[in-house]
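Now for the letters of each chain:
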Amino acid sequence: MKPKTWKVCFFMAGLVLPASCGAWRLAVGGGLLAGLVPGTALGWQFTGQWTRSTYAQQRWLVDANISQYGTQATASAWRERGRETSLLVFWEHRAPFSYAFRPWIGIGGGISHYRLDDRQLLNGAGYAIASYPAIVKNDGDLAIDMTVPLTSSWSLAVTAQTGFPSRISTVSMTVLWRFW
């Protein structure tokens, strides 16, 4: 087996094993990511979520994300490509707004690892005038989330997080499919 295949096998085992060990439930999905890096960034995100109910209408949520995004250069920001991996833990409460609309709303925190590549400063005509080395950052995050169940297997999750000390902020919208 090649080393890349091993990484995929370990990643898949990491997704499935916690869910198969008791009351934890696993959902996976993908979606869109928007952020402020110091410019505006757009990209995609893959998410794995494990939930465990505790008391009536309350639960823990562990959220693991892999994302990639790109920014457009402006007068005050670089053009760059970023990759992020994060692990967030939320305490969620079921909010009974109405009989039909009962989302899970949570607050939490976690850690993020960023890598910013292909950093260039452009002039007014769109030509690169300077290139900068890649940056690697690790952050502590504060986050809020809302998960809206659509059916028994499908849900929509919206998460907003900001990191310290880099102050990188992201908002993601993910469609999730629950395994069990």
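Residues numbered from 1 in each chain as written. Predicted model: local features only at pLDDT ≥ 70, side-chain atom pairs only at ≥ 80, totals over all residues. Heavy atoms only, no water.

Peer 1: Looking at this structure, I do not really get the packing of aromatic side chains. What am I missing?
Peer 2: For any pair of aromatic rings, geometry is given as the distance between the ring centres together with the angle between the planes. Overall, the coordinates contain two aromatic pairs when judged by the stated rule. Ring plane angle 70° and centroid distance 4.8 Å describe the contact between Trp60 and Trp91, whose orientation is recorded as edge-to-face. Taken together, the positions of Trp60 in strand β3 (residues 58-71) and Trp91 in strand β4 (residues 79-94) put the pair 31 residues apart, joining distant regions of the chain. Note on Trp91: relative accessible area 30%, which makes it partly exposed. Taking the centre distance of 5.7 Å and the plane angle of 20° together, the rings of Phe97 and Phe101 count as stacked. (Phe/Tyr/Trp six-rings, centres within 6.5 Å; stacked < 30°, edge-to-face > 60°. Helix = DSSP H or I, 4+ residues; strand = E, 2+ residues; numbered from the N terminus. Buried < 20%, exposed > 50% of the residue type's maximum accessible area, 1.4 Å probe, protein only.)

Peer 1: When you look at unusual backbone geometry in this model, what are you seeing that I'm missing?
Peer 2: The phi angle of most residues is negative, glycine excepted, and most peptide bonds adopt the trans form. Cis geometry is found at the peptide bond from Phe164 to Pro165, where omega equals 15°. In this structure, Pro165 sits in the loop between β8 (154-164) and β9 (169-178). A positive phi angle is found at Asp118, which is not glycine, with a value near 45°. Positive phi is not limited to glycine here, since Arg167 has a value of about 60°. Turning to its location among the elements, Arg167 is positioned in the loop between β8 and β9. By relative accessible area, which is 62% here, Arg167 ends up exposed.

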